[in-house]
Amino acid sequence: MELFVMLLGLLPLMPLAMAYSPVSDATLHGLSDPGADFDINTGALLAPILRPRVSGTEASRAVLQHFVRFFTEELPEWRLELHNSSSTTPTSNGNPVPFVNLIATRDPPDAAIGDVGRLALVAHYDSKLEPDGFIGAIDSAAPCAMLLHTARSVDKALTKKWTAMAADGSDELDEKKGVQILLLDGEEAFKVWTQTDSLYGSRALAEEWETTFHPAASTYKTPLDSIDLFVLLDLLGSRGPTVPSFYKTTHWAYKHMAAAERRLRDLGLFKSSPNHPLKTAKRKDKHKRTETYFLTEATKENEGFYGGYIEDDHLPFLARGVEVLHIIPSPFPHVWHDITDDGEHLDMDTVEDWTKLVVTFTAEWMELEGFFETETETKQHADGIRKSELDIP
């Protein structure tokens, strides 16, 4: 992505009329951490992405296969699609480079595809061609791993909710909301960022989805129309990020995410917080420290929007009327596009905090309160396994 600021025309101020229900403190306490899955050397989710993965290379295909294997083996209820396109680039000597986007979708059972509005959670998985050996941990291996963990974290709760709704006796579910994970290819420029040397995968996908029509009687005309909110994660994983609210029409969603962040901090669940229990326990001075928030503009009013934005994978969708919540730090982390953007330079407390925040936002968007396993249920399940293993009556 490149920093590019310009004035936009006035945007409509009417927020999306979407249901959004906060989850309880007990649910927040029960959300699972990625733990060892985010180990930069051996973690099942993150480690396979922490490698150079330039579009069109074998390494890129290996990372794509990692995503496919994750969903097919761990989350078989998610529908997988691969969106293929190709384009020449300034470094390809006139030869087309393949770009492959992965789309993983979880819709209510028996719902027609054209009748489901979706929360789209998005990150790009390609890395820059230069400098040689560039990994791109914040850009955007860590955000990709966050989305894999988010999908896994809400999967059982979605099943439990939809099963309970069906058991109530209604012929069809009252809601038609789904979740979609978009892992996009070709975000990075191969040479110098321009409108044609960047965003290869997202440009191709947005164009195709705009002209792919659902059946005439569908609620949503196209897959593009089906996106209720496009949440793009980028450059996440460095210590002390500050993320502005870029768009007036989705400021309401930004405020919901900011409220979730505040609650997680207040409950002592943010590991990067100076007031996390593990940090206060090590200090002789037990006084509460000042919190520094990731989402810094929750109180911004309409007059605070000046039309600035950052060029990124959301632009082809934004240009076609999709509502976008862009979660990207400004200023950029100091490792941006530097060889030091690797696993060793990730702040893992911050990575886990972003992950928990995205899981929380998704759970609240999908109104999953009451459908997660409680700490008691989890403990009883674990105790049952131990008793079975030990043959304890």
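Residues numbered from 1 in each chain as written. Predicted model: local features only at pLDDT ≥ 70, side-chain atom pairs only at ≥ 80, totals over all residues. Heavy atoms only, no water.

- The protein appears in an unreviewed UniProt entry as Peptide hydrolase from Pseudopithomyces chartarum.

## Some points on the pairing of strand β5 (residues 177-184)
Reasoning step 1: For β5, the buried fraction is high: eight of the eight residues fall into the buried class.
Reasoning step 2: In β5, alternate side chains face the same way, and those of Lys-177, Val-179, Ile-181 and Leu-183 on one face and Gly-178, Gln-180, Leu-182 and Leu-184 on the other are all buried.
Reasoning step 3: Judged from the eight bridges that link them, strand β4 (residues 117-124) and β5 form a sheet pairing that is parallel. By the bridge assignment for β5, Leu-121 is matched with Ile-181. (Buried < 20%, exposed > 50% of the residue type's maximum accessible area, 1.4 Å probe, protein only. Helix = DSSP H or I, 4+ residues; strand = E, 2+ residues; numbered from the N terminus. Pairing = 2+ DSSP bridges.)

## Some thoughts on the pattern of salt bridges
Reasoning step 1: Enumeration according to the criterion identifies 17 salt bridges in this entry.
Reasoning step 2: Between Asp-107 and Arg-118 there is a salt bridge, with the nearest N and O atoms lying 2.8 Å from each other. Of the two residues, Asp-107 sits in the loop between β3 (97-106) and β4 while Arg-118 sits in strand β4, which places them 11 residues apart along the sequence.
Reasoning step 3: A residue is classified by how much of its surface remains accessible, and Asp-107, at 12% relative accessible area, is buried.
Reasoning step 4: In this structure Arg-118 comes out as buried when scored by relative accessible area, which is 3%.
Reasoning step 5: Across the pair Glu-261 and Arg-265 runs a salt bridge whose closest N-O atoms are separated by 2.9 Å. On the criterion of helical spacing, the pair formed by Glu-261 and Arg-265 is a turn pair, its members being four residues apart in helix α5 (residues 251-266).
Reasoning step 6: The buried category is assigned to Glu-261, whose relative accessible area is 0%.
Reasoning step 7: Judged by its relative accessible area of 5%, Arg-265 falls in the buried class.
Reasoning step 8: Put simply, Arg-79, Glu-81, Asp-107 and Arg-118 are held in one network by salt bridges that share partners. (Salt bridge = Lys/Arg side-chain N within 4 Å of Asp/Glu carboxyl O.)

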